[in-house]
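Tertiary structure, described
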Amino acid sequence: MTNSMTNVEFVQNLVKSNVNVLQEHITDQYQVHFVVEQDQVHYILNILKNAGWIQMSYLSAIDWPEENKFELVYIVFNWEKPVYVQIRTKIDRENPVMNSILPIYPGSKYYERECHEFFGVKFPGNPDYEKQLILENWDDIPPMRKDFDPEAYSKRKFPQREYSETYIVQSEGKSKLAKMEARKQRAESLRGGKK
Amino acid sequence: MKSTKFTPERNISKAETDRKWWEIGDFFRRNSLWLLMYCTGCCAIELPPAMTSAYDMERLGMGPMATPRQADILLVSGYLSLKTLRRLIYTYEQMSEPRYVVALGSCPINGGIYHDSHAVINQLDQYVPVDVYVAGCMPNTEAVMNGFVDLMEQIKNKSANGWKKYHDNYEWYRQNQIQSLGEVDVHDEFHD
Ligand code: SF4
């Protein structure tokens, strides 16, 4: 890397010279994202890893029900050139399958499990992506999908506290005060002896 | 067998003796309550001031305890997710009797700000009996301390009967637990 090149420019060069970038966005000098085709994700992650982006920081998904797509987001980080690179790709929502990146980043094992649990994305190549990780005995569609209704689920599964329909009217407070005042005065008037 | 020394005739019934011993026990219990802090939610942040010199719960004889076997109070501070509830029930059943439950915050009362969450239960007393609720999101420390004093008062009046209720209505509690949790037993990589 020449000194005149910023880290972000370096990443841009690296990514664009290797894969077809559909869309890119530079958040700031520490964060960029690139949208690539689904079948190029592994390739570009490999290249990034060899270039020093050795840390798999996060992997998750975004649900786009209108487009009928899930967007997978891979975030990798480099400790020498501090830039978070997000590699994003859109995959089919009806049958979400994405090959595991376990051979490249072993740390992605649990992220893939999490993503499978919350979005239902399948990761063939990861031997236990189907094991439960956070939710236990989940019995509904994956909860982070936009078409999942948490309120209905909560109503159905968890007993709700019943409240009676009687209210305390705020203005009564005044009359209470007045009553207290009257009582006080009466007590005062009944009190014998010296003032 | 009669001792050779003079023993006054005892005409106190067994129930009466038990009651007296319970009274004595309750006196000591309420003046040395040990907390098992199950800090599930953000309400737990009210405990440091309650325990340290600002409010100093030690002056009420209260202190933290590390194991459920020796604790008197199960303190649930804040929201409970399903996963935590399973462990909470485990913990509750491990505690020796008499055991009391204090719940902080509006989350265990009616779900609080998590009332529509898929992960958080709405009403704790459906699953384990709760003796004292301290309302607020989060309740301030005076309220928390007041909650403990209320519990002592309840023990004195013999109205802190949550653990007896759990015995008597075990089936009902169990049914609620199963309805929300599916299965109470924990199955995960660390237990199997
Ligand atoms: S009651 Fe409020 S402060 Fe307490 S756990 Fe719930 S949300 Fe957090």
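Overview of the structure. All values derive from a computational prediction rather than experimental measurement.

Structural notes on the overall build of chain B
Of the regular secondary structure elements, chain B holds seven helices and five strands. Counting only C-alpha atoms and orienting by the principal axes, one finds that chain B spans roughly 70 × 40 × 30 Å. A buried classification covers 47% of the 192 residues belonging to chain B. Long-range contacts, defined as pairs at least 24 residues apart, comprise 78% of the intrachain contacts of chain B with a sequence gap of at least 6. Surface summary for chain B: the accessible area is close to 10100 Å², and the carbon and sulfur share equals 56%.

What to know about the packing of aromatic side chains
Under the counting rule described, the total for this entry stands at 16 aromatic pairs over all chains. With centroids separated by 4.9 Å and ring planes inclined at 65°, the aromatic side chains of Y79(B) and Y114(B) adopt a geometry described as edge-to-face. You can see Y79(B) sitting in the loop between β3 (73–77) and α3 (82–94) and its partner Y114(B) sitting in the loop between α4 (107–110) and β5 (132–134), a full 35 residues away along the chain. Looking at Y114(B), the relative accessible area reads 27%, which means it is partly exposed. Among the aromatic residues, ring-to-ring pairing joins Y92(B), Y166(B), Y170(B), W172(B) and Y173(B) into one connected group. K81(A) extends its terminal NZ or CZ atom over the ring of F10(A), reaching a point 4.5 Å from the ring centre. Between the NZ or CZ atom of R99(B) and the centre of the ring of Y92(B), over which it lies, the distance is 4.3 Å.

Side note on the site of the ligand
Residues in contact with the ligand, as listed here, are C42(B), C43(B), G78(B), Y79(B), G105(B), S106(B), C107(B), I113(B), Y114(B), G136(B), C137(B) and M138(B). The class makeup of the residues in the shell around the ligand is eight nonpolar, four polar and no charged.

Here we look at the packing of helix α1 (residues 7–18) of chain A against helix α2 (residues 41–50) of chain A
All names here are of chain A. Contact geometry for α1 and α2: axes closest at 10 Å, N-to-C directions at 140°. Relative to α2, the crossing made by α1 is right-handed. Touching L14, V15 and N18 of α1 are Y43, I44, I47 and L48, all from α2. Each residue belonging to the contact of α1 with α2 can be placed in one class, and the counts come to six nonpolar, one polar and no charged.

Concerning the sheet that holds strand β2 (residues 63–64) of chain B
Residues and elements named next belong to chain B. The sheet built from five strands is open, its strands ordered β2-β1-β3-β4-β5 with parallel pairing. Since the sheet does not close on itself, it has two edges, and those belong to β2 and β5, each with one partner. Pairing of β3 with strand β4 (residues 100–104) involves five bridges; the strand directions are parallel. From the neighbouring strand, L75 faces β4, where its bridge partner is V102. Its contacts with the sheet place α3 against β1 (34–38), β3 and β4, and it is angled at close to 160° to β1. Along the sheet, helix α5 (residues 141–156) makes contact with β1, β3, β4 and β5, crossing β5 at roughly 165°.

Reading the values: the criteria
Residues numbered from 1 in each chain as written. Chains lettered and ligands numbered in written order. Predicted model: local features only at pLDDT ≥ 70, side-chain atom pairs only at ≥ 80, totals over all residues. Heavy atoms only, no water. Helix = DSSP H or I, 4+ residues; strand = E, 2+ residues; numbered from the N terminus. Buried < 20%, exposed > 50% of the residue type's maximum accessible area, 1.4 Å probe, protein only. Contact = heavy atoms within 4.5 Å. Areas by Shrake-Rupley, 256 points an atom, 1.4 Å probe, with all protein chains shown as cover. Phe/Tyr/Trp six-rings, centres within 6.5 Å; stacked < 30°, edge-to-face > 60°. Lys NZ or Arg CZ within 6 Å of the ring centre and 35° of its normal. Near = heavy atom within 4 Å. Nonpolar A, V, L, I, M, F, W, Y, C, P; charged D, E, K, R; others polar. Axes fitted to C-alpha atoms, helices over the stretch in contact; angles between N-to-C directions. Left-handed = near helix turned anticlockwise from the far one by under 90°. Pairing = 2+ DSSP bridges.

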